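Chains, contacts and geometry: an overview
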Amino acid sequence: MHDDRLFPADPTERSIARRLYGEIRDLPIVSPHGHTDPAWFAYDEPFPDPARLLVIPDHYLLRMLYSQGIAMERLGVPRLDGAPVETDPRAIWRLVAEHWYLFRATPTRLWWEHSLEYVFGVTDRLTPVTADAIYDRIAGCLARPEFRPRALFERFRIEALATTESPLDPLDHHEALKASGWPGRVITTFRPDPVLDPDTPGFRANLDRLGEMTGEDTATWTGYLAALARRRRDFMGLGATATDHGHPSAMTADLEPADAARLFDTVASGTFTPAEAEIFRGQMLTEMARMSMDDGLVMQIHPGSHRGHNGLIQRTFGPNMGDDIPGRTDYVGALQPLLNRFGNERDFTLIVFTLDETTYGRELAPLAGHYPALRLGPAWWFFDSPDGMRRYREMTTETAGFCNTVGFNDDTRAFPSIPARHDVARRVDCAYLGRLVAEHRLDEDEAREVAHDLAYRLAKEAYRL
Ligand SMILES: [Zn+2]
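Thresholds applied
Residues numbered from 1 in each chain as written. Predicted model: local features only at pLDDT ≥ 70, side-chain atom pairs only at ≥ 80, totals over all residues. Heavy atoms only, no water. Helix = DSSP H or I, 4+ residues; strand = E, 2+ residues; numbered from the N terminus. Rg over C-alpha atoms; globule rule 2.2 N^0.38 Å. Buried < 20%, exposed > 50% of the residue type's maximum accessible area, 1.4 Å probe, protein only. Contact = heavy atoms within 4.5 Å. Donors = N, O, S within 2.8 Å, 3.2 Å for Na, K, Ca; no water. 1 Å grid on protein atoms, 1.4 Å probe; cavity = no way out; pocket = protein on both sides within 12 Å on 5 of 7 lines; lining within 4 Å. Points joined across faces, edges and corners; volume = space filled by probe spheres on them. Nonpolar A, V, L, I, M, F, W, Y, C, P; charged D, E, K, R; others polar. Axes fitted to C-alpha atoms, helices over the stretch in contact; angles between N-to-C directions. Parallel < 35°, antiparallel > 145°, perpendicular 65-115°, else oblique. Left-handed = near helix turned anticlockwise from the far one by under 90°. Core = buried A, V, L, I, M, F, W, Y, C linked by side-chain atoms within 4.5 Å. Expected span 1.5 Å × (residues − 1). Polar contact = N/O pair within 3.5 Å; in protein donor to acceptor, adjacent residues only side chain to side chain. Pairing = 2+ DSSP bridges.

1. What about the overall build of the chain?
Across its full length, the chain carries 20 helices and nine strands. Here the C-alpha atoms of the chain give a radius of gyration of 22 Å, agreeing with the 23 Å that 2.2 N^0.38 yields for 465 residues. For the chain, the spread of C-alpha atoms along the three principal axes comes to 65 × 60 × 45 Å. The buried share among the 465 residues of the chain stands at 56%. Restricting the contact set of the chain to residue pairs at least 6 apart, pairs at least 24 apart contribute 76%.

Take a look at the structure:
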């Protein structure tokens, strides 16, 4: 990997970007939003083979390979019906190597090559010729104690890492982690979609389970709200500083209490219209904001993903297989009921993500550049890429500045890629700042301060870490 990767081609801008990056490259990693498995850190067992660590759980890899006609079964992805799939990790690895050219100029390739070089010392390009040697090198590493989850966590200089759990999760891994005495800071995040979204399969059973876990009567509106408040407290006991809401839209609602209670009875009965489900989800975002005013949890909403777009893939393999597709998303109208209630509060933080980048300049930056409670999440998911991040800065900075954004978060399931993802964000931000300095729109000492904010301070402060 070249030392100047992702820096501007213009020599003046590049030399400024290099200097800025030199100041922040070694800052600790703050990872306030992600989907790593707390069991890794609780029990510190060795990671499995290279394919199970790096290929099978990575939906970015799966989607590209699938789009070029490679069956998911050949990549070792388990089928819901238990029918046989490839189980030889080396065969899966070779298949990826044969098709590695598909990832040219994608962020997947950047992340992978950074992980392979930085974590495992691999400097050859992945090809059918090098595939076996690289596989053997990684497999050899994984057998050693310094490649166990906790050792890597420490080597990556992670200051805080948040995982994401459902209110129905018993949080036993986080309990075990806390009891273990290991000083690494791995915290949970409260993601209540399965008990807030009536369209979740098994929603009614989920409400029952929530009642059993909390001793509250979740057949009633007040009992349901009390149960949610109680689970939020439980999560805070295991370090949570934030909630996370993956609703299909950013729609919020602010109903009269009696109307909200009636709507709860309707959705809890199991017979409701799609519009009723949507209003209920919207009402619950406002209820969650109200609870955040009480308990201080930061609230994240990341709407706009049409999850499980491909019916065949959903039926055969289930969710998170690379067929979630962004859709047009309204924020200005959708967030207004919640912002009317809580948008002017300075003690409340609402972080909004986007998958519809046409809204950066038109809606999100103007909103975040006005409401004290609102912050913009980073260039997310499909825009977690060098060009996506650059466009994000170009479209939001002039209206919202830097301090209405929350730095970077990696939102990843792929633990070895965490340093790579933060490194890409740091480089792209320094490249952007390098241009501002070269154009005399910012002095270099100010740019240094901003680079530090974007890499470290803003995430820590926004997420109250
Ligand atoms: Zn996420």
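From this point, the narrative continues.
2. Overview of the coordination of the zinc ion
The expected angle between donors at a tetrahedral four-coordinate metal is 109.5 degrees. At an octahedral six-coordinate metal it is 90 or 180 degrees. Only His-33 (NE2), His-35 (NE2) and Asp-411 (OD) from the protein reach the zinc ion as donors, at distances of 2.1 to 2.2 Å. Counting residues between consecutive donors of the zinc ion along the chain gives the motif H-x1-H-x375-D. Linking His-35 in the loop between β1 (29-31) and α2 (38-43) with Asp-411 in the loop between α18 (386-400) and α19 (418-438), this pair joins segments that are 376 residues apart in sequence. Residue His-35 shares its accessibility class with Asp-411, and that shared class is buried.

3. Structural notes on empty space enclosed by the protein
Evaluated as defined, the whole model comprises six cavities of 30 Å³ or more. Of the volumes computed, that of the largest cavity is approximately 110 Å³. Together, 13 residues line the largest cavity, and Leu-54, Asp-58, Trp-112, Ala-414 and Ser-417 are the ones closest to its centre. Considered class by class, the residues forming the lining of the largest cavity number eight nonpolar, two polar and three charged. Looking at the lining of the second largest cavity, the elements with two or more residues in it are α18 and α19. For the lining of the second largest cavity, the per-class residue count stands at seven nonpolar, two polar and two charged.

4. A few points about the packing of helix α1 (residues 11-24) against α19
Packing of α1 against α19 leaves a shortest axis separation of 8 Å and a crossing angle of 135°. When the axis of α1 is compared with that of α19, the two are oblique. Both α1 and α19 take part in a crossing whose hand is right-handed. On the side of α1, the interface is formed by Thr-12, Glu-13, Ile-16, Ala-17, Leu-20, Tyr-21 and Ile-24, while α19 contributes Asp-423, Arg-426, Arg-427, Cys-430, Ala-431, Leu-433, Gly-434, Arg-435, Val-437 and Ala-438. Looking at the contact of α1 with α19 residue by residue, the class counts come to 10 nonpolar, two polar and five charged.

5. Some details on the nonpolar core
Among the nonpolar cores identified, the biggest contains 68 residues, and Tyr-224, Leu-228, Phe-280, Met-284, Met-299 and Leu-350 are the most heavily contacted of them. In this structure Phe-280 touches Leu-196, Pro-198, Phe-203, Trp-221, Tyr-224, Leu-263, Phe-264 and Val-267, once residues within four positions along its chain are discounted.

6. Brief notes about α18
Counted at 1.5 Å a residue, the expected span for α18 with its 15 residues is 21 Å, and the 20 Å between its end C-alpha atoms agrees. Looking only at α18, the buried set comprises Pro-386, Gly-388, Met-389, Tyr-392, Arg-393, Thr-396, Thr-397 and Ala-400. In this fold, the buried residues of α18 make contact with α6 (107-120), α17 (359-368), β9 (374-376), α19 and α20 (444-462). Among the residues trailing α18, Gly-401 stands out with phi positive, at a value near 70°.

7. Some details on the layout of surface pockets
In this structure, the largest pocket encloses a volume near 1000 Å³. Mapped onto the lining of the largest pocket, the elements with two or more residues apiece are α4 (59-67) and α10 (193-196). Within the lining of the largest pocket, the residues separate by chemical class into eight nonpolar, 13 polar and 14 charged.

8. Thoughts on the side chain of Thr-412
Position of Thr-412 relative to the elements: it lies in the loop between α18 and α19. Within the structure, the side chain of Thr-412 is placed 2.9 Å from the backbone nitrogen of Ala-414, a separation counted as a polar contact. Apart from residues no more than four positions distant in its own chain, Thr-412 is found in contact with Gly-34, His-35, Thr-36, Ser-417, Ile-418 and Arg-421.

9. Details of the pairing of strand β4 (residues 242-245)
Taking every second residue as pointing to the same face, both faces of β4 are buried, with Ala-242 and Asp-244 on one and Thr-243 and His-245 on the other. For β4 and strand β5 (residues 298-301), the ladder comprises four bridges, and the chain directions are parallel. Across the sheet, residue Ala-242 finds its bridge partner in β5, namely Val-298.

10. Quick notes on the sheet that holds strand β8 (residues 350-352)
If you trace the four strands from one edge of the open sheet to the other, you get β4-β5-β8-β9, paired in parallel fashion. Looking at strand neighbours, the two that pair on one side only are β4 and β9, the edges of this open sheet. Direction aside, neighbouring strands of the sheet carry axes that sit 25° apart on average. Sheet topology places β5 next to β8; three bridges connect them, and they run parallel. The partner of Gln-300 across the bridge, within β8, is Ile-351. Its contacts with the sheet place helix α14 (residues 274-295) against β4 and β5, and it is angled at close to 160° to β5.

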